[in-house]
Amino acid sequence: MEIVAFLLFLAVILVLLLGYPVAFTLAGVSLAFAAAGVVTGVFDPALLQAFPSRLFGIMTNETLIAVPLFVFMGVMLQRSNIADTLLDTMGALFGSLRGGLGISVVLVGMLLAASTGIVGATVVTMGLLSLPTMLRRGYHPEISTGMICASGTLGQIIPPSIILVLLGDVLSSAYQQAQLSQGNFKPDTVSVGDLFVGAIIPGLLLVGLYLLYLVTVAWLKPHMMPVIERESDIGIGTWIKQILHALVPPIALIVAVLGSIIQGIATPSEAASVGAVGALLLALFYRRLDLECLQDVMRRSVRITCMVFMIFIGASIFSLVFRGYGGDSAVHDLLMQLPGGALSAMLVVMVLMFLLGFILDFIEITFVVVPIVGPVLLSLGIDPVWLGIMIAINLQTSFLTPPFGFALFYLRGVAPAEIRTKQIYRGVAPFIAIQVLTLLLLVQFPALATWLPDKIY
């Protein structure tokens with residue numbers, strides 16, 4: 001019956017490729033396989049009786065309260081056009097340097113990633129705001145599109161990220177399951193805060209490598225990233241005032257959210273509420289908040305939150321049916337029998353997730369794939385924080401990789417008509433290499449992800 005479990009997985013992928021909604025595909029295909037199994041007598045319908053308890057567990061999971069709050073925070077910051085002010089200010093700060101506008105785009109992308117945590121929103125926002133400006137200033141289309149796609153996907157790894165919240169919750173369950181299977185009935189825990197702290201150094205490393213690449217290109221090929229002359233001379237006092245006005249409030253919000261988690265003052269859900277209220281105050285501070293804006297933000301937040309939780313519910317049904325056909329045991333046996341132990345198992349899972357990243361969003365992979373492979377990998381002694389960061393950066397790389405990377409589709413949808421798809425593909429190639437280098441550094445030096453959480457907690 002293990003073969004039926006893998007056929008179920010393939011059927012879900014094929015139906016998704018036809019364009020059907022993810023949540024209903026997961027639930028519908030799984031229930032169809034379960035019904036066929038009940039009719040043929042190879043599936044026990046009693047297994048589905050566990051679904052109500054799983055649904056109740058989702059409803060009462062306090063960690064998941066952070067999701068709608070972080071979504072509200074991100075949508076509010078996006079809707080209030082704070083990115084415009086950030087980009088203008090950073091451009092004025094670095095624009096007169098070689099590659100200065102490119103440096104500004106990456107830094108603003110980092111700040112937006114830490115503020116919104118929504119990859120698609122960041123790529124689209126940066127594409128609409130910065131791409132026309134860079135092209136008008138003489139920046140080469142390839143380097144411009146590449147840096148926008150790369151900086152837009154930083155929302156995968158820069159905390160506080162919705163993705164890390166979801167991944168932390170799933171990994172926490174997988175880690176406890178792995179320890180219980182080994183006879184440890186007082187299991188250690190891993191929290192969303194651990195992942196947030198563990199992502200800080202790899203995230204900053206990734207940003208630093210992006211900036212190093214851009215500075216190198218600016219010096220070796222100055223025609224691709226020309227220096228921007230200042231359009232007007234303003235007093236130093238006015239200049240500093242503009243920088244403080246644009247940068248201090250968003251940075252203060254990020255520090256308040258992350259700092260409260262790192263210091264143990266607040267849980268991720270409580271910190272998310274700080275972020276939501278802070279985003280409201282920022283919109284008021286910049287005079288971008290009115291009744292129409294608030295209504296739009298609330299509607300979009302509800303839609304995104306409903307989508308996330310519907311996928312979670314669909315994934316729960318898929319998980320029950322997949323396990324009912326013995327799929328979890330088959331995956332466990334397959335990974336455990338690979339030559340090379342934990343390293344080989346990790347490599348196989350990373351390649352699988354990279355390929356799935358072409359057709360599935362991070363949320364689907366987190367809810368569908370991680371619960372299946374996570375307990376096996378963690379039972380092999382792999383650190384849960386390191387595993388979470390590796391998964392996040394691996395999928396970030398997948399979302400950048402042609403021809404199916406989601407970030408490429410987002411940018412293609414808002415890029416000017418004169419930008420060719422081939423230019424976008426060429427532009428992201430160096431950044432994909434940087435992503436792979438970061439993954440290799442994490443493999444060689446796991447402490448990049450694990451040292452800071454161990455030091456703090």
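Our subject is the structure that appears above.
Student: I tried to follow the overall build of the chain on my own but got confused; where do I start?
Tutor: Looking only at helices and strands, one finds 21 helices and zero strands in the chain. The C-alpha atoms of the chain give 23 Å as radius of gyration, which agrees with the globular expectation for 457 residues (23 Å, within 12%). With the C-alpha coordinates of the chain rotated into their principal frame, the extents come out at 80 × 45 × 45 Å. Relative to its full complement of 457 residues, the chain shows a buried share of 53%. In the chain, the proportion of contacts linking residues at least 24 apart, taken out of those at least 6 apart, comes to 81%. Counting only carbon and sulfur atoms, one obtains 68% of the accessible surface of the chain, whose full area is about 19600 Å². Positive and negative side-chain charges in the chain, numbering 20 and 23 respectively, have mean positions lying 11 Å apart.

Student: I'm lost on the pattern of salt bridges in this one. Help?
Tutor: Oppositely charged side chains can pair when the atoms bearing their charge come close. Scanning the model with the defined rule gives three salt bridges in all. As a salt-bridge pair, Arg426 and Glu142 come within 3.6 Å of each other at their nearest N and O atoms. Here Glu142 lies in helix 8 (residues 141–152) and Arg426 lies in helix 20 (residues 421–444), a separation of 284 residues in the sequence. For Arg300, the salt bridge identified is with Asp296, shortest N-O distance 3.4 Å. Of the two residues, Arg300 and Asp296 are both situated in helix 13 (residues 291–324); the distance of four residues between them amounts to about one turn of the helix.

Student: Looking at this model, I keep getting lost on the environment of Ile313. Mind explaining?
Tutor: The topology assignment puts Ile313 in helix 13. In this structure, the C-alpha to C-alpha distance between Ile313 and Leu55, residues 258 residues apart in sequence, is 6.8 Å. The residues contacting Ile313, other than those within four sequence positions of it, are Phe51, Leu55 and Ile58.

Student: How do you make sense of the nonpolar core when you look at a structure like this?
Tutor: The nonpolar side chains of a soluble globular protein tend to be buried with one another. Ranked by size, the top nonpolar core spans 149 residues in total, and within it Met147 and Met353 carry the most contacts. Not counting residues within four places of it along the chain, the set of residues in contact with Met353 comprises Ile365, Val369, Val370, Val373, Ile391, Asn394 and Leu395.

Student: How do you make sense of helix 8 when you look at a structure like this?
Tutor: Compared with the 16 Å implied by 1.5 Å per residue over twelve residues, the 16 Å span of helix 8 between its first and last C-alpha is a close match. Of all the residues in helix 8, the buried ones are Pro141, Glu142, Ile143, Ser144, Thr145, Gly146, Met147, Ile148, Cys149, Ala150, Ser151 and Gly152.

Student: Looking at this model, I keep getting lost on the environment of Leu154. Mind explaining?
Tutor: Tracing the backbone shows Leu154 in the loop between helix 8 and helix 9 (162–181). When its relative accessible area of 0% is taken as the criterion, Leu154 is described as buried. Between the C-alpha atoms of Leu154 and Ile393, which are 239 residues apart in sequence, the distance is 9.0 Å. Setting aside chain neighbours within four positions, we find Leu154 in contact with Val106, Gly109, Met110, Ala113, Leu206, Val207, Tyr210 and Gln396.

Student: For this particular structure, what's the right way to read the state of the cysteines?
Tutor: As used here, a disulfide is simply a covalent bond connecting the sulfur atoms of two cysteines. For the structure shown, the criterion picks out zero disulfides. With no disulfide of its own, Cys293 lies closest to Cys306 among cysteine sulfurs, the gap being 20 Å. By relative accessible area, which is 1% here, Cys293 ends up buried. For Cys306, a relative accessible area of 43% puts it in the partly exposed group.

Student: Looking at this structure, I do not really get the packing of aromatic side chains. What am I missing?
Tutor: The geometry of an aromatic ring pair is captured by the separation of the ring centres together with the interplanar angle, meaning the angle of the planes. For the coordinates displayed, the defined rule picks out ten aromatic pairs. An angle of 75° between the planes, with centres 5.1 Å apart, marks the rings of Phe285 and Tyr286 as edge-to-face. Judged by relative accessible area, which is 44%, Phe285 ranks as partly exposed. Cluster of aromatic residues (ring-pair linked, three or more members): Phe6, Phe9, Phe318 and Phe322.

The rules behind the values
- Residues numbered from 1 in each chain as written.
- Predicted model: local features only at pLDDT ≥ 70, side-chain atom pairs only at ≥ 80, totals over all residues.
- Heavy atoms only, no water.
- Helix = DSSP H or I, 4+ residues; strand = E, 2+ residues; numbered from the N terminus.
- Rg over C-alpha atoms; globule rule 2.2 N^0.38 Å.
- Buried < 20%, exposed > 50% of the residue type's maximum accessible area, 1.4 Å probe, protein only.
- Contact = heavy atoms within 4.5 Å.
- Areas by Shrake-Rupley, 256 points an atom, 1.4 Å probe, with all protein chains shown as cover.
- Lys, Arg positive; Asp, Glu negative; His and termini not counted.
- Charge placed at Lys NZ, Arg CZ, Asp CG, Glu CD.
- Salt bridge = Lys/Arg side-chain N within 4 Å of Asp/Glu carboxyl O.
- Core = buried A, V, L, I, M, F, W, Y, C linked by side-chain atoms within 4.5 Å.
- Expected span 1.5 Å × (residues − 1).
- Disulfide = S-S within 2.5 Å.
- Phe/Tyr/Trp six-rings, centres within 6.5 Å; stacked < 30°, edge-to-face > 60°.

Without other data, these values stay purely geometric and don't point to any function.
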